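Here is what each chain is made of, one letter per residue.
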Amino acid sequence: MKTDIEIAQEAVMEPIVKVAEQLGIGEDDLELYGKYKAKLSDDLMKRVKDNPDGKLVLVTAINPTPAGEGKTTTSIGLAQAMPKLNKKAILALREPSLGPCFGIKGGAAGGGYAQVVPMEDLNLHFTGDFHAITSANNLLAAMVDNHIQQGNALGIDPRQVVWKRCLDMNDRVLRNVVVGLGNKTDGMVREDHFVITVASEIMAVLCLADDMEDLKRRLGRMIVGYSFAGKPVTASDVQAVGAMAALLKDALKPNLIQTLEHTPAIVHGGPFANIAHGCNSVRATKMAMKLADITITEAGFGADLGAEKFFDIKCRMAGLKPDAVVLVATVRALKYNGGVPKNELSEENLEALKKGIVNLEKHIENLQKYKVPVVVTLNSFLTDTEAEVSYIENFCRERGCEFALSEVWEKGGEGGIALAEKVLYSLEHKKSEFEVLYGDELSLKEKIETIAKEIYGADGVSYSGAAARELKRIEEMGMGSFPVCMAKTQYSLSDDQNKLGRPTGFTLNVREVYVSAGAGFVVAITGAIMTMPGLPKKPAANNIDVNEDGMITGLF
């Protein structure tokens, strides 16, 4: 079998101008980045804003395992299958971060015969959106330190600067640093920190902003630190908004590429779901819904993170109402949750499957709390047995879910027809009565505890002293109505990545809290989660290379 990158490099792509024609988009509405990538113009959004909305389908998954689930692959394959059933479909996905590309997770362009292309461009620099976000973030950091150096008229307390620098790379040694060393002219010595670009508040702001006016408003609200008097100091206070907006002008525009089968794909924004809100941009999703019958989007990692934030943050803020949810699982991942070692997952093991399927069960229960129809799909592997698949299918049907096998990795859109048929059945025969999990009026602690108990299955929540104090301060600043963005390990429903299946009898530990005033949510950091990941012992970067002809190898 060919590797993903070999399949992508052998693909014959359509010029992006031709792909856009499927959506009724002319060349004047495209800002071309070469032959196969383009940004969509602001004028296009204004022109289509009165079009009726198409249906919105979210693709999510069980908790990720080393066995792999294939959520993005399933999203792409489902979109490729829809035209085969005479449905005009479009993808709305996130952009990959360089951190995992060179780390352990790899890229985010799908796999097999269900990929978006050009794969190498997407996984590397693409259209420069993440570089723009990084630059805007670090411009603000520089302006804050410069303000302190140049007389500090705002009275910023250097011990309470909360704005962190960022880099789109896994670099653990930058988590905690000291800046300002050297001469007096080199700035004030203070402790500083880095986050990965996808965890920057500017990423969240860009993904939630409706337009340039809204972007600037949100940028201006971002809190960079506190004064000696304990008052918040914002990006607007240090007069950084205009310059940041100038850097983000093009990054605000959604990107258009294609799948291997030339289905249009709008790929824009990319906050991580374990440390940020995990969804592509509101602009991309809304534009997609105006251009096609069915928009297929995804949210990062498992449904306990990505789907919860998609519903409770993105849909709440943007007024979106999803029509169906596809929940991706694999036989192998469920057996892994049942205690089977990775090297034994190819063997039939119904006992382990019955033990591990509780993870799928909990995600089904969680999604049904939002009152959206659920379709469960098994990403098919050659080693799956008829008995295993039959057991899972019956399990899902007993819980009111439609069920389909997905063979998109091997067969592309043809392998997604069964899934597409179940999704279309749900859209046509099952009514979505979407509602968020909690109301704005609850206290921040009540919101955190609702997510912990209802979605994760925790008995309760413990707070560090610093987290409890910060929650109190945020509410005193008038931001208690904000939704909560939980930063938690993706590998478990709990905050302990080693607790597989459906953990019970645990307490969720919140060790740090901060407000993203521009994005409009409060971040609660749990367990050992880090906002700046590190590289593994053998990073993927070890195997990536480029030859004399410019052909990249080792990217996956």
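Residues numbered from 1 in each chain as written. Predicted model: local features only at pLDDT ≥ 70, side-chain atom pairs only at ≥ 80, totals over all residues. Heavy atoms only, no water.

What about the overall build of the protein?
Rule in force here: Secondary structure elements are defined from DSSP: runs of H or I of at least 4 residues count as helices, runs of E of at least 2 residues count as strands, and each element is numbered from the N terminus. The globule rule is 2.2 Å times the number of residues to the power 0.38, and the radius of gyration it is compared with is taken over C-alpha atoms. Residue burial is assigned from relative accessible area. The probe radius is 1.4 Å, only protein chains are included, and a residue is buried under 20% of its type maximum, exposed over 50%, and partly exposed in between. Contacts are residue-level and defined by heavy atoms, with any inter-residue pair within 4.5 Å sufficient. Calculation of accessible area relied on Shrake-Rupley with a 1.4 Å probe; when residues are assessed, cover is drawn exclusively from the protein chains displayed. Residues counted as positive are Lys and Arg, residues counted as negative are Asp and Glu, and His and the chain ends are not counted. Where a charge sits is defined by one atom per residue type, namely NZ (Lys), CZ (Arg), CG (Asp) or CD (Glu).
A count of helical and extended segments in the protein gives 20 helices and 25 strands. Its C-alpha atoms give the protein a radius of gyration of 23 Å, within 12% of the compact-globule value 24 Å for 556 residues. With the C-alpha coordinates aligned to their principal axes, the bounding extent of the protein is approximately 70 × 55 × 50 Å. Across the 556 residues that make up the protein, the buried fraction comes to 59%. Restricting to contacts in the protein with at least 6 residues of sequence separation, those with at least 24 account for 75%. Summing over all exposed atoms, the protein offers an accessible surface of approximately 21,600 Å²; the carbon and sulfur share of this is 49%. Taken together, the 62 basic and 73 acidic charged side chains of the protein have centroids lying 4 Å from each other.

Some words on the sheet that holds strand E21 (residues 484-487)
The strands that make up a sheet pair up through hydrogen bonds in the backbone, lying either parallel or antiparallel. Formally: The rule for pairing is simple: two strands pair if DSSP sees at least two bridges between them. Angles here are taken between N-to-C directions and fall from 0 to 180 degrees, while the axes themselves are lines fitted to C-alpha atoms, restricted in helices to the stretch in contact.
Pairing in this open sheet of 4 strands is mixed, and the strands run E20-E22-E23-E21 from one edge to the other. On the outer flanks of this sheet lie strand E20 (460-463) and E21, each paired with one strand and no other. On average, adjacent strands in this sheet sit at an angle of 40° to one another, irrespective of strand direction. Strand direction decides the pairing type here: E21 and strand E23 (residues 521-526), joined by 4 bridges, are parallel. Note on E23: the bridge partner recorded for Val484 is Val522.

Things to note about the packing of helix H19 (residues 444-456) against helix H20 (residues 465-476)
Note the following rule: Orientation labels follow simple angle bins: below 35 degrees gives roughly parallel, above 145 gives roughly antiparallel, 65 to 115 gives roughly perpendicular, and whatever is left gives oblique. Residues are sorted three ways: Asp, Glu, Lys and Arg are charged, Ala, Val, Leu, Ile, Met, Phe, Trp, Tyr, Cys and Pro are nonpolar, and all the rest, Gly among them, are polar.
Their axes nearest at 10 Å, the elements H19 and H20 cross at an angle of 125°. By the angle class used here, H19 and H20 are oblique. Within the contact between the two elements, H19 uses Leu444, Lys445 and Ile448 and H20 uses Ala468, Leu471, Ile474 and Glu475. Along the lines of polarity and charge, the residues of the contact of H19 with H20 split into 5 nonpolar, no polar and 2 charged.

Thoughts on the environment of Met477
Structurally, the position occupied by Met477 is in the loop between H20 and E21. By relative accessible area, Met477 is classed as partly exposed at 24%. Sequence separation of Met477 and Val117 is 360 residues, and the distance between their C-alpha atoms is 45 Å. Setting aside anything within four residues of it in sequence, one finds Met477 in contact with Ile223, Tyr226, Pro232 and Val515.

Let's talk about helix H7 (residues 129-149)
Under the convention used in this document: Helix span, expected: 1.5 Å multiplied by one less than the number of residues in the helix.
The terminal C-alpha atoms of H7 lie 30 Å apart, and with 21 residues this matches the ideal 30 Å at 1.5 Å per residue to within 8%. Positioned one or two residues after H7, Gly151 has a phi angle of 115°, which is positive.

Some details on the pattern of salt bridges
Keep this limit in mind: In the sections that follow, a salt bridge refers to a side-chain nitrogen of Lys or Arg positioned within 4 Å of a carboxyl oxygen of Asp or Glu.
Counted under the stated rule, the structure contains 39 salt bridges. Taking the shortest distance from any N to any O, the salt bridge between Lys422 and Glu402 comes out at 3.7 Å. In this pair, Lys422 sits in helix H18 (residues 417-429) while Glu402 sits in strand E19 (residues 402-406), placing the two residues 20 residues apart along the sequence. The exposure class assigned to Lys422 is partly exposed, which follows from its relative accessible area of 25%. Overall, Glu402 belongs to the buried group, its relative accessible area being 12%.

Side note on the pairing of strand E14 (residues 255-259)
Of all 5 residues making up E14, 5 are buried, and the element is well covered by its neighbours. Judged from the 2 bridges that link them, strand E2 (residues 38-40) and E14 form a sheet pairing that is antiparallel. Bridged to Ala38 within E14 is Leu256. Looking at chain direction, strand E6 (residues 114-117) and E14 are connected through 2 bridges and run antiparallel. Counterpart to Val117 in the pairing with E14 is Gln258. Here E14 runs beside strand E15 (residues 264-267); their pairing, made up of 4 bridges, is antiparallel. The residue bridging Gln258 from the neighbouring strand is Pro264, located in E15. Linking E14 back to E15 in an antiparallel pair, the connection comprises 4 residues, with His262 at a positive phi of about 75°.

Quick notes on the state of the cysteines
Test applied: Disulfides are defined in this document as cysteine sulfur pairs within 2.5 Å.
Using the criterion set out here, one finds 0 disulfides in the structure. Just so you know, Cys101 is unpaired, no disulfide at all, and the nearest cysteine sulfur is the one on Cys166, 16 Å from it. Cys207 carries a free sulfur, and the closest cysteine sulfur to it, the one in Cys279, is 8.4 Å from it. Residue Cys207 is classed as buried on the basis of its relative accessible area, which comes to 0%.

Regarding the side chain of Asn137
Inspection of the secondary structure puts Asn137 in helix H7. The contact partners of Asn137, leaving out residues within four places of it in the chain, are Trp163, Lys164, Arg165, Cys166, Ser200 and Ile202.

Points about the environment of Val57
Structurally, Val57 can be placed in strand E3 (residues 55-61). A residue is classified by how much of its surface remains accessible, and Val57, at 0% relative accessible area, is buried. Taking C-alpha positions, Val57 is 8.9 Å from Leu427, a pair spaced 370 residues apart along the chain. Beyond its immediate sequence surroundings of up to four residues, Val57 is in contact with Ile294, Thr295, Ile296, Thr297, Ala324, Val326, Val423 and Leu427.

Remarks on the packing of aromatic side chains
Cut-off, in case you're wondering: A pair of Phe, Tyr and Trp rings is counted when the ring centres sit within 6.5 Å of each other, with Trp represented by its six-membered ring. The angle between the planes then sorts it: under 30 degrees is stacked, over 60 is edge-to-face, the rest tilted.
For the coordinates displayed, the defined rule picks out 4 aromatic pairs. With 5.8 Å between their ring centres and 70° between their planes, Phe310 and Phe311 make a pair best called edge-to-face. Residue Phe310 is classed as buried on the basis of its relative accessible area of 0%. Where Tyr391 meets Phe395, the ring centres are 6.3 Å apart and the plane angle is 40°; that geometry is what we call tilted.

So far we have only geometry, and geometry alone does not tell us how the molecule works.
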